[in-house]
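Structural characterization, general
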Amino acid sequence: MREQHATRTDEQASIDHLQRDVLEAVALGRPLAAVMDLLCRGVEALAPEVICSVLSVDEEGRVHPLAAPSLPTSFSGALEGFSIGPQAGSCGTAAWRRQPVEVTDIASDPLWADFRDLALPHGLAACWSTPILLGADQVVATFALYYREPRGAAPFHRRMVQACAQLCQIAFMHDRHQREIERLAYFDGVTGLPNRTLLADRARQALLLALRTESPAALLLLDIDRFKTVNDSLGHAVGDQVLKHISRRLSGALRDSDTLARLGGDEFVALLPGCTVEDAMHVADKLRQALEAPIPLDGSHARVQMTASIGVCGFPKDGQDLDQLLKNADIAMYEAKRAGRDCARFFLHAMNQALDERLDIEAALRHALSNQLLQLHFQPKIRLSDRRLVGVEALLRWHDAERGWVPPDRFIPVAEESGLINALDAWVLEQSCAQLARWRAQGVEVPGLSVNVSPQRFHQDDVAAHARALLARHGLAASDLTLEVTERLMLDDTSRPRAQLQQLHEMGVGVSVDDFGTGYSSLSYLKRLPVTELKLDKSFVRELEQDADDRALSSAVIGIGRSLGLTVVAEGVETAGQRDLLLKMGCDAAQGWLFGRPMAPEALPAWMATHDAA
Ligand SMILES: Nc1nc2c(ncn2[C@@H]2O[C@H](COP(=O)(O)O[C@H]3[C@@H](O)[C@H](n4cnc5c(=O)[nH]c(N)nc54)O[C@@H]3COP(=O)(O)O)[C@@H](O)[C@H]2O)c(=O)[nH]1
């Protein structure tokens, strides 16, 4: 009895020892197969009468030998890829049933009918298999003991298997966490594509190989056009859905040897080993084509149409490493955006200089804005029928110590691209309202004020609330103010700008469509949106006296405006002839050098005095 007890204590000690070894291997992060091999060898050392094996089971229910150090390889190798099932040997059946299966005689047990010819020649006569489960019922492996003669498991074997099954569970769980950590570290959570870290790794290898073999490589940076609008208007869940769709389409258009990565947001990178920049341009076309079909949205009949702007650059000409290639592809992508989006551009070294210049202007403009170095000039707006002043337009002016006067056409686009336009336009609105109030306080009767507001501000800022607060602060009426917006904003059918235009209209603030007639052929927005004024672009006015087409176009615009009850203001009137023609066509008002150039606020009272006297 005592002897029996001693044996049992020794056996438990050896199981404990095996457990410690295996847990240490898990903790040290050794690969799962190595840990399982250690476990099998440990078991076989403790019980030389058994042969131990571990099969992993994949999500499709197929088995893969993971560790079986003492099984003949011709036997375990033959099991590769077999499906688990109700009659698939001890292991396949145990995995199927999610319960241990003990077969004491392989030669006669029906569970081995399909496999006994494989097992018996190797002297495998009995097999007891235990499924390894993670969670409630997900089977990930089987742990099996084989015997060389028909028999059942000994009590020691049962205690050992109980401990080993737990060890297997821990090792598989650890492996899963490890893989999940790796996935999070190297793959993008939304699309499952490689992330920047994995891209960097692949790029390092690909560029080294390209250098060694003197072969080309190309890098494409794709930015999805107006993706922010999808996120803002349809929500982030839909945005993620769209990104997944896009990633599948883009992946499908690339070769297996290429790497498609998502850098975050709406930016994707394709790394194309062995590809010249010229060929990469064709790939860019393929990628754009892949996005052509509208993307269906889950749970609705709605579809969204997405496009991409793509920057293309080549290794080694445009960059020696990933960072340089990404930087230059970004510059080229930015040029594609400037060219109107939905297109691809090569990187050219001249683009770098242009970018430097834009960045310089941006920095100087920021400095000018925060140091009160900007000024406003005001241009009179005249009613043509009686030549009375009906308002003034505020126009931003910037005198830079180094650059001299910088024209708005130069710095407004930079401000729009950098996002500074919101602060700039807000400043103009504040200062011009303050100026109108100042004039009135001085007895200078300026009837109204027009202020330019860029489309971006309608997306990112609460223009209507800002205007309301300023009007109240300066004691101005809403009808004193007109905001000049572009046709581009009018065609933007996202909810935020629409709501703001509506609020402005309800407040009584005027909305004028600037540079009317230059951009778009769709006029339907004029009926739908709360527009009060059209500004006939100066490009139609310039040749009005000489060009019959310009006359026809101007007359058409004036006609459209009148039929919709809108005020039409002609821009850039420089000659009396232009003024007279516009008056004859029925144009309400005009601005231009003929009446007055944009002027500093102090100059306006004098201009008004001479104008009234004339
Ligand atoms: N978002 C904002 N945009 C602004 C702001 N201030 C100006 N701008 C926009 O910049 C563009 C160029 O403006 P600018 O150089 O000031 O030119 C304006 C006038 O000076 C010019 N003009 C006026 N009369 C004549 C003329 O008889 N001949 C002629 N050749 N040019 C003339 O036209 C421009 C009028 O601008 P607009 O009525 O707005 O179209 C311009 O697009 C401005 O909108 C700002 O604060 N924010």
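That block above? That's the structure.
Residues numbered from 1 in each chain as written. Predicted model: local features only at pLDDT ≥ 70, side-chain atom pairs only at ≥ 80, totals over all residues. Heavy atoms only, no water.

**Some remarks on the pattern of salt bridges**
Under the definition given, this model contains 28 salt bridges. A salt bridge links R288 to D285, with the nearest nitrogen and oxygen atoms 3.1 Å apart. Linking R288 with D285, this pair stays in helix α10 (residues 277-290), spanning three residues, or about one helical turn. R288 sits in the partly exposed class, given a relative accessible area of 23%. Residue R288 is joined to D342 by a salt bridge in which the shortest nitrogen-to-oxygen separation is 3.2 Å. Here D342 lies in the loop between α11 (322-338) and β12 (344-346) and R288 lies in helix α10, a separation of 54 residues in the sequence. (Salt bridge = Lys/Arg side-chain N within 4 Å of Asp/Glu carboxyl O. Helix = DSSP H or I, 4+ residues; strand = E, 2+ residues; numbered from the N terminus. Buried < 20%, exposed > 50% of the residue type's maximum accessible area, 1.4 Å probe, protein only.)

**Digging into the site of the ligand**
Taken together, 24 residues lie near the ligand, and E393, R397, D514, E571 and E574 sit nearest. Here a nitrogen atom of the ligand and a side-chain polar atom of Q379 are 2.9 Å apart. Take N452: an N or O atom from its side chain is 3.0 Å from an oxygen atom of the ligand. Surface burial for the ligand is 85%, taken as the share of its 810 Å² of free accessible area covered by protein chains. Among the elements of the structure, β14 (389-400), α13 (408-418), α14 (421-441) and β18 (510-516) are those that each provide at least two residues to the shell around the ligand. The leading source of residues in the shell around the ligand is β14, at four residues. (Near = heavy atom within 4 Å. Polar contact = N/O pair within 3.5 Å; in protein donor to acceptor, adjacent residues only side chain to side chain. Areas by Shrake-Rupley, 256 points an atom, 1.4 Å probe, with all protein chains shown as cover.)

**Overview of the side chain of N328**
As for its placement among the helices and strands, N328 is situated in helix α11. On the accessibility criterion, N328 (2% relative accessible area) is buried. A polar atom in the side chain of N328 sits 2.6 Å from the backbone oxygen of D318. When neighbours within four sequence positions are excluded, N328 is seen to be in contact with D318, F347 and N352. (Contact = heavy atoms within 4.5 Å.)

**Quick look at the sheet that holds strand β6 (residues 217-224)**
Strand order across the open sheet formed by five strands is β7-β8-β6-β11-β12, with mixed pairing between neighbours. Only two strands of the sheet have a single neighbouring strand rather than two, namely β7 (259-264) and β12. Adjacent strand axes in the sheet meet at a mean angle of 20°, parallel and antiparallel pairs treated alike. Contacts between α11 and the sheet are confined to β6, β7, β8 (267-273), β11 (308-315) and β12, with β11 contributing the most and set at about 140° to the helix. (Pairing = 2+ DSSP bridges. Axes fitted to C-alpha atoms, helices over the stretch in contact; angles between N-to-C directions.)

**Side note on unusual backbone geometry**
Between F315 and the following residue, P316, the backbone shows a cis peptide bond with an omega angle of 5°. Located in the positive-phi region is R98, a residue other than glycine, with phi close to 60°. Inspection of the secondary structure assignment puts R98 in the loop between α4 (89-97) and β3 (101-103). With a phi close to 70°, R341 is a non-glycine residue in the positive phi region. Locating R341 in the fold gives a position in the loop between α11 and β12.

**As for the packing of aromatic side chains**
Applying the stated criterion across every chain yields a total of six aromatic pairs. Ring geometry for W112 and F115: centres 6.3 Å apart, planes at 80°, overall edge-to-face. Grouping residues by exposure puts W112 and F115 together as buried. Taken together, the ring pairs connect F75, F82, W112, F115 and Y146 into an aromatic cluster. Positioned above the aromatic ring of W593 is the side chain of R597, whose terminal nitrogen or guanidinium carbon lies 3.7 Å from the ring centre. (Phe/Tyr/Trp six-rings, centres within 6.5 Å; stacked < 30°, edge-to-face > 60°. Lys NZ or Arg CZ within 6 Å of the ring centre and 35° of its normal.)

**Structural notes on helix α9 (residues 236-252)**
In this model α9 runs 24 Å from its N-terminal to its C-terminal C-alpha over 17 residues, within 8% of the 24 Å that 1.5 Å per residue would give. For α9, the complete set of buried residues consists of V238, G239, Q241, V242, L243, H245, I246, S247, R249 and L250. (Expected span 1.5 Å × (residues − 1).)

**A short note on the environment of P296**
Here P296 is to be found in strand β9 (residues 295-296). As for P296 and Q241, which are separated by 55 residues in sequence, their C-alpha atoms are 9.5 Å apart. Setting aside its immediate chain neighbours within four residues, P296 contacts Q241, H245, R249, A302 and R303.

**Things to note about the state of the cysteines**
Any covalent bond linking the sulfur atoms of two cysteines counts as a disulfide. Under the definition given, this model contains zero disulfides. Here C52 stays free of any disulfide, with the sulfur of C40 as its closest cysteine sulfur at 3.6 Å. (Disulfide = S-S within 2.5 Å.)

**Describing the packing of helix α21 (residues 548-563) against helix α22 (residues 576-585)**
Packing of α21 against α22 brings their axes to within 10 Å, and their N-to-C directions diverge by 45°. In terms of orientation, α21 and α22 fall into the oblique class. The handedness of the crossing between α21 and α22 is right-handed. Along the contact surface, α21 presents R551, S554, S555 and I558, while α22 presents L581, L582 and M585. Across the contact of α21 with α22, the residue classes break down as four nonpolar, two polar and one charged. (Parallel < 35°, antiparallel > 145°, perpendicular 65-115°, else oblique. Left-handed = near helix turned anticlockwise from the far one by under 90°. Nonpolar A, V, L, I, M, F, W, Y, C, P; charged D, E, K, R; others polar.)

**So, α11**
Over its 17 residues, α11 extends 24 Å from the first C-alpha to the last, a length consistent with the 24 Å expected when each residue adds 1.5 Å. All of the buried residues in α11 are L322, L325, L326, N328, A329, I331, A332, M333, E335 and A336. Positive backbone phi, at 115°, marks G340, one or two positions downstream of α11.

**Let's talk about the sheet that holds strand β2 (residues 63-67)**
With antiparallel pairing, the five strands of this open sheet are ordered in space as β2-β1-β5-β4-β3. Single-partner strands in this sheet number two, and they are β2 and β3. Across this sheet, the average inter-strand angle for adjacent strands is 25°, counted without regard to direction. Strand direction decides the pairing type here: strand β1 (residues 50-57) and strand β5 (residues 138-147), joined by seven bridges, are antiparallel. Opposite V50, over in β5, you have Y147 as the bridge partner. The strands touched by helix α2 (residues 32-46) are β1, β2 and β5; relative to β1, the strand with the most contacts, the crossing angle is about 155°. Contacts between α4 and the sheet are confined to β1, β3, β4 (126-134) and β5, with β4 contributing the most and set at about 35° to the helix.

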